[in-house]
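# A structural walkthrough
Given next are the chains, with one letter for each unit.
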Amino acid sequence: MASEPVTGTSLQVLRRLETGPRGLTDAEAAGRLAAHGENSPPSVRTPSVLRRGLAGLRDPFTAVLLTLGLVSAFVASWGTATVILALVAVSCVLRAAGERRADRSLAALRELVTGTATVLRRTDGAAAPRTHEVPVADLVPGDVVRLCPGDLVPADVRLLRSRALTVREDTLTGESAPVPKEAADRPEPDAESALCFQGSAVVAGSATAVVVATGPHTRFAAAGRTAPPRGPSAFDRSVHGIAWVLVRFMLLTPPLVLMAGAAVRGRGLETLPFAVAVAVGLTPEMLPVIVTTCLARSAALLARTRRVVVRRLPALHDLGAIDVLCVDKTGTLTQDRPVVARSLGPDGRDDPEVLRWAAAGAWWTLQLAELPAPDALDEALLDLVQDAGEEYDGLAALPVAPGRRLATAVVAGRLGHHLLITKGAAEDVLERCELPAAERARLLALAAREAESGQRVLAVATADRPGRTRPYTPADERGLTFRGLVTFHDEIAPGAAESLRTLAGLGIQVHLLTGDHPATAARVCRELGLEPADIRTATAPPDKAPHTTDSTPADTTVTRLGADEAGEGDSGAGEAGVGESWAGGTVGGETRAGAAGVGGAGAGETRGGESSAGDAAVGGSWAGEAGGGETGAGVARGGGSGAGGADGSGGVFPAEGTVVVARCTPEDKARVIAGLRAAGHTVGFLGDGVNDIAALLAADVGIAPRGAVAVARESADVVLAEKDLTAIGHAVTAGRRSSANIAAYLRVTLSSNLGNVLAMLAAGLLLPFLPMLPVQVLAQNLCFDAAQLAFAHDRPAPRELRRPTVLRPPAFLRFITGFGVLNAFADLATFGVLALALDGPDALDDEAVFHSAWFTENLLTQALVMLLLRDGRRLARGGRPGPVGWAAVLLAVVGLAVPPSPLGAALGMTALPAAYHLLLAAVLGLYALALTVAKVRSEV
Ligand SMILES: Nc1ncnc2c1ncn2[C@@H]1O[C@H](COP(=O)(O)OP(=O)(O)OP(=O)(O)O)[C@@H](O)[C@H]1O
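Residues numbered from 1 in each chain as written. Predicted model: local features only at pLDDT ≥ 70, side-chain atom pairs only at ≥ 80, totals over all residues. Heavy atoms only, no water.

- Per an unreviewed UniProt entry, the chain carries the name Cation-transporting P-type ATPase N-terminal domain-containing protein and comes from Streptomyces alanosinicus.
- Comment text from UniProt for the chain, heading Catalytic activity (unreviewed entry), reads "ATP + H2O = ADP + phosphate + H(+)". (UniProt positions renumbered as here; feature names shortened; annotations may be inferred.)

## Details of the overall build of the chain
- Tallying secondary structure elements over the chain gives 30 helices and 28 strands in all.
- Burial statistics for the chain: of 940 residues in total, 57% are counted as buried.
- Taking the contacts inside the chain whose residues are at least 6 apart along the sequence as the reference set, 75% of them involve residues at least 24 apart.
- Accessible surface, the chain as shown: approximately 36,900 Å² in total, 58% of it carbon and sulfur. (Helix = DSSP H or I, 4+ residues; strand = E, 2+ residues; numbered from the N terminus. Buried < 20%, exposed > 50% of the residue type's maximum accessible area, 1.4 Å probe, protein only. Contact = heavy atoms within 4.5 Å. Areas by Shrake-Rupley, 256 points an atom, 1.4 Å probe, with all protein chains shown as cover.)

## So, the pattern of salt bridges
- Inspection of the entire model under this criterion finds 24 salt bridges.
- Linking R442 and E439 is a salt bridge whose minimum nitrogen-to-oxygen distance equals 3.0 Å. Linking R442 with E439, this pair stays in helix α16 (residues 437–452), spanning 3 residues, or about one helical turn.
- The exposure class of R442 is partly exposed, given its relative accessible area of 37%.
- Across the pair R526 and E531 runs a salt bridge, and its minimum N-O distance is 3.2 Å.
- The structure contains a network of salt bridges with shared partners spanning K329, E427, R456, D516 and R663. (Salt bridge = Lys/Arg side-chain N within 4 Å of Asp/Glu carboxyl O.)

## Topic: the domain arrangement of the chain
- Under the domain assignment used here, the chain contains domain 1 (1–227), domain 2 (234–306 + 732–939), domain 3 (308–334 + 492–721) and domain 4 (339–489).
- The interface of domain 1 with domain 2 comprises 22 residues on the first partner and 30 residues on the second.
- Here domain 1 and domain 2 share an interface that buries about 2,300 Å² over both sides, 88% of which is from carbon and sulfur atoms.
- Counting across the interface, domain 1 meets domain 2 through 0 residue pairs in polar contact (both at pLDDT 80 or more).
- Element by element, the count of residues in the side of domain 1 that touches domain 2 is highest for helix α5 (residues 78–110), at 12 residues.
- Partitioning the side of domain 1 that touches domain 2 into residue classes produces 14 nonpolar, 5 polar and 3 charged. (Domains from an automatic or database assignment. Buried area = accessible area lost by both parts, 1.4 Å probe. Polar contact = N/O pair within 3.5 Å; in protein donor to acceptor, adjacent residues only side chain to side chain. Nonpolar A, V, L, I, M, F, W, Y, C, P; charged D, E, K, R; others polar.)

## Things to note about the sheet that holds strand β14 (residues 418–424)
- Strand order in this open sheet of 6 strands is β11-β16-β15-β14-β13-β12, and the pairing throughout is antiparallel. A strand with exactly one partner marks an edge of an open sheet, and here the two such strands are β11 (339–344) and β12 (394–398). Shown here is a sheet whose adjacent strand axes are inclined to one another by a mean of 20°, direction ignored.
- Pairing analysis gives 7 bridges linking strand β15 (residues 456–465) to strand β16 (residues 481–489), with the strands arranged antiparallel. In the sheet register, V460 faces β16, and the bridge partner there is G484.
- Against the sheet, α16 makes contact with β11, β15 and β16, and its axis sits at roughly 10° relative to β16, the strand it touches most. (Pairing = 2+ DSSP bridges. Axes fitted to C-alpha atoms, helices over the stretch in contact; angles between N-to-C directions.)

## A few points about the site of the ligand
- Of all residues adjacent to the ligand, which total 19 residues, the nearest are K329, D375, R456, T514 and K669.
- Contact distances for the ligand include 2.7 Å between a nitrogen atom and a side-chain N or O atom of D375.
- Side-chain polar atom of K423 to a nitrogen atom of the ligand: 2.9 Å apart, as the coordinates give it.
- For the ligand, whose free accessible area comes to 600 Å², the fraction covered by protein is 89%.
- Going through the elements one at a time, α12 (329–333), α14 (376–384), β14 and β15 are the ones with two or more residues in the shell around the ligand.
- Taken together, the residues of the shell around the ligand break down into 4 nonpolar, 5 polar and 10 charged.
- Lining the shell around the ligand are residues from two domains, each supplying at least three of them: domain 3 (308–334 + 492–721) and domain 4 (339–489). (Near = heavy atom within 4 Å.)

## What to know about the pairing of strand β10 (residues 324–327)
- In β10, alternate side chains face the same way, and those of V324 and C326 on one face and L325 and V327 on the other are all buried.
- Sheet topology note: the β10/strand β17 (residues 509–513) ladder contains 4 bridges and is parallel. Within β17, the position partnered with C326 by the bridge is H511.
- When β10 meets strand β26 (residues 683–686), the two strands line up parallel, connected through 4 bridges. Counterpart to L325 in the pairing with β26 is G684.

Below, the structure written as structure tokens:
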């Protein structure tokens, strides 16, 4: 179905689809919707619970458990095998159920951000077609749709008309370089270039197209594709690091126990079930369950209370771990509702004529490039000049595109001449004007002065050319006559200042990456209460600017301006700054570069709030290749003040404060983020436009605000469904909360498990019998696991949420070893004291008594660890116990109640003498004291 109607001329295709260039009528569309079904985006086929359960076996802990269970069955230790396999089953079922719940709630949340398509429909056959925004799901074959930059192609379509259309097809091909598409009628096999496929992103240009396939018939669905998988999150990587250390321990444990038993006690293979049980005791089996539950609960709560949609569950962890947030300016920190402020001539005086040129250019670009709607700057111009462009006939348009910061309209002038009207970034337009260098520098300074007051600035130029039939290309934008500047005021977005303050309070460094002028960006920063520590310009060499997709890292020269150089009120300094960046691009001026190490150096070591991560090079290709000598058009000079220490590039980011990188192309934004990540930061990016897609994908977490274009929303991990930016702070806190719960679970479980295992190994060697029967080890493990589920529901203390939650495996393993050893000492001390104090028929040399005493003591110490390592402060302040506190109490009750119960008898246990409980209370008191001291010391 997808391929059949797309060959032949556009007309043939339209006929075959029983439609026309004016689109379908409402009745036809409704009929086809009933016949073809919804054009639902191909969703991941929801796996069955069984499939999910089996997938759970791939988790390393579960896989090791299963192996140990099978080993036990192999040596006919049926009790041990049954309990282990039951543990495996419980873990897989809980995890599958949690994932299903999470999937369901996410599917419901995604509804909040579903996209729409611009479609041409008629009320009846005689009526004129009108454009409507309809939900993507309502599209049917035969619908005529309009595509513009930022759109996601809503179905498989055949182009009817197109203007300089480029799309990214990475969802289908994995290839991120934009591909040109054209409406021309071509025979097979070239017909593909007139087809766009569902899920592709429109990067530039515009088109009108007819829908040829929807829903399950699209190529995307047929290929069974889903969104390209992202690499593991920062948190996942840490958890995996820890998991693999433990898995190695677990695999080593049984042979060690066997060898030690044989060497010291002369025991044989009969110890294997015990050895296996000890290894199982080390396993944090509930980890996958707790991770899924924590994430799903936090995501659902965020959506309900803050209208924040987490589109990829693990992104919530990364959100909690970010220590750097890069934001774009327009549409994110500002509202992107610009209003014309001034129109001035080259002499700096008000000149309304410049505004008329700019508006005429905007009007004809809009008409000829077939853009369904003007961009915000053009809209502001057209709002003010009602009859814009009426005096001309439009001939051609070269619109703005990612990496291209100007637009040209060609109109018919007098006496058969053509008139080019170009408007855009001052640097880009002035570079194309015929001007002496000094005059150009003066005009750039004029633009910078306007920008310093926070205004957005467009330069306007024209050119009179003899008429011709040859098409116009960017190469024709040369030898222009400068006409003047138009400035715009764009209000700050609601909640932006408060949101930035909250982020600073959460220990997150904010950087601004924008395509706009450095002085405008710096002023916006100040208005938001952020004093930029550094202001830089990322300048693609002019001849590369329109073709950023094939630019290489070395194409970007980064010019650093001192924070004060673009400073407000000091126009001289501002002029110098901008002049310098300009010179770097064209006249061979100097690009001041800070000292920089090459990115990635010291990554890992430099992580974390107190580290010098910020001093490391931004690195990656951006810093490394842009610096250190002559690059592109600029000459980099080393010897700046950065702490990276190597030779010069502009890539050093300070450890504190905000850096503004202005005049960024989409690739520059992505490169800066890649560099920051290589320097060890966990980086979030907040952006709303088609020029932000690469950055959204490059960041650990991409965030799109409400109002972002469809492609940005689709590329983001987190979407804010409300306009209020303060939701980001709440989302970060929610991420930290779930990460803190998982980290606490790991700390408590692993230190406690390690302590038990060490104590059991030691006791196994000291005693003439096994310190616990395998089935008892497993039973107490099961009780402890069940209690651990409370961590998914806990509320961490506020101080735990003040900094990014970063699990550093070495520090973490040190923690659990320290507390594990302490726990083992407590266990052994208990028995030392009890052995000395008790004798008679109930003494500890009786196996059943010993096993029961060990069981009770184990569960009580574990409860104590839960209480003190997690709920200690809350209880010390006289607060009510949280879920973990109550779970600990329950665990202690089970520890005391099981041995004398029938269940205890079935497990080979017996009631314990009263004296034991008294002595145990005293030993536990001492242990609690030691634990508290150790905890306080570990926090200093
Ligand atoms: N309609 C337009 N006509 C001419 N030039 C434009 C137009 N829109 C944008 N520009 C120029 O292109 C520059 C870069 O635009 P781009 O969309 O990349 O970034 P931005 O909107 O300025 O900032 P941000 O990256 O923060 O969203 C603008 O600063 C402006 O100079």
